[in-house]
Amino acid sequence: MKGWTMRCTAVCCLLACCLLAFIPHTTHAQGPFGIGLIVGEPTGISGKYHLSDRNAIDGALGFSPFDRMRLHADYLWLSRPFGERRLVFSYGAGLAIGF
C-alpha cells in the first residue's frame, strides 16, 4: 500500500506541475468559490468559499505517502492591509481530522 500511495503522490505532483504550466499567471477567481491543489505533505485538493468580503470557509482533503488521510476545515477572517485589494491576510479557527 505504501508504494501505491507514493506513486499516487508523484502522479498528483506531476499533474499539478503540468496544469500550472498552462495556466496564465493573471488568472482570477470568477466567483465566490475556488478550488486548488495541495502539493507536499499531505497531497490533495482544497477549496475556499467566500461568504463575504471579510469572511470565508476553506477546507481540504489530503493523502499522505505514509498511508494516512487528513480532512480539515477553517472559518477565516480576511483583512486587506494598506488598502491593497490583491494582498489578503487570512486568520481563523478550524478543525482537522487525520485517519
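My aim in this report is to walk through the structure given alongside it, one point at a time. Just so it is clear, the structure is predicted and the values come from calculations on it, not from any experiment. (Residues numbered from 1 in each chain as written. Predicted model: local features only at pLDDT ≥ 70, side-chain atom pairs only at ≥ 80, totals over all residues. Heavy atoms only, no water.)

So, on to the overall build of the protein chain. Each helix and strand counted, the protein chain has one helix and five strands in total. Going from N to C terminus, the protein chain has its helices and strands arranged as α-β-β-β-β-β. Counted over contacts in the protein chain with a minimum sequence separation of 6, partners at least 24 positions apart contribute 27%. (Helix = DSSP H or I, 4+ residues; strand = E, 2+ residues; numbered from the N terminus. Contact = heavy atoms within 4.5 Å.)

This paragraph deals with the side chain of T43. Its place among the elements puts T43 in strand β2 (residues 43–50). For T43, a relative accessible area of 6% translates into the label buried. Within the structure, the side chain of T43 is placed 2.8 Å from the backbone oxygen of G40, a separation counted as a polar contact. (Buried < 20%, exposed > 50% of the residue type's maximum accessible area, 1.4 Å probe, protein only. Polar contact = N/O pair within 3.5 Å; in protein donor to acceptor, adjacent residues only side chain to side chain.)

Our focus in this paragraph is the sheet that holds strand β1 (residues 33–38). Hydrogen bonds along the backbone pair up the strands of a sheet, which may run parallel or antiparallel. In spatial order, the strands read β1-β2-β3-β4-β5; together these five strands make up an open sheet with antiparallel pairing. Every interior strand has two partners, whereas the edge strands, β1 and β5 (89–98), have only one. The mean angle between the axes of side-by-side strands here comes to 15 degrees, regardless of whether they run parallel or antiparallel. Of the strand pairs in this sheet, strand β4 (residues 68–79) and β5 are connected by 10 bridges, and their pairing is antiparallel. The partner of Y75 across the bridge, within β5, is A93. (Pairing = 2+ DSSP bridges. Axes fitted to C-alpha atoms, helices over the stretch in contact; angles between N-to-C directions.)

With that settled, consider a nonpolar patch on the surface. There is a patch of nonpolar side chains on the surface, built from F33, I35, Y49, L51, I57, Y75, W77 and Y91 and spanning about 850 Å² of accessible area. If you list the elements that add at least two residues to the nonpolar patch, you get β1 and β4. Following the sequence through the fold, L51 ends up in the loop between β2 and β3 (55–64). (Patch = residues over 30% accessible without salt bridge, like charges linked within 9 Å, V, L, I, M, F, W, Y side chains within 5 Å. Areas by Shrake-Rupley, 256 points an atom, 1.4 Å probe, with all protein chains shown as cover. Salt bridge = Lys/Arg side-chain N within 4 Å of Asp/Glu carboxyl O.)

Moving on, we come to the pairing of β4. As paired strands, β3 and β4 are joined by 10 bridges and run antiparallel to one another. Residue A56 lies in a different strand from β4, and its bridge partner there is L76. The hairpin turn running from β3 into β4, its antiparallel successor, is three residues long, and D67 in that turn takes a positive phi close to 60 degrees.

Function cannot be inferred from these measures alone, as they are strictly geometric.
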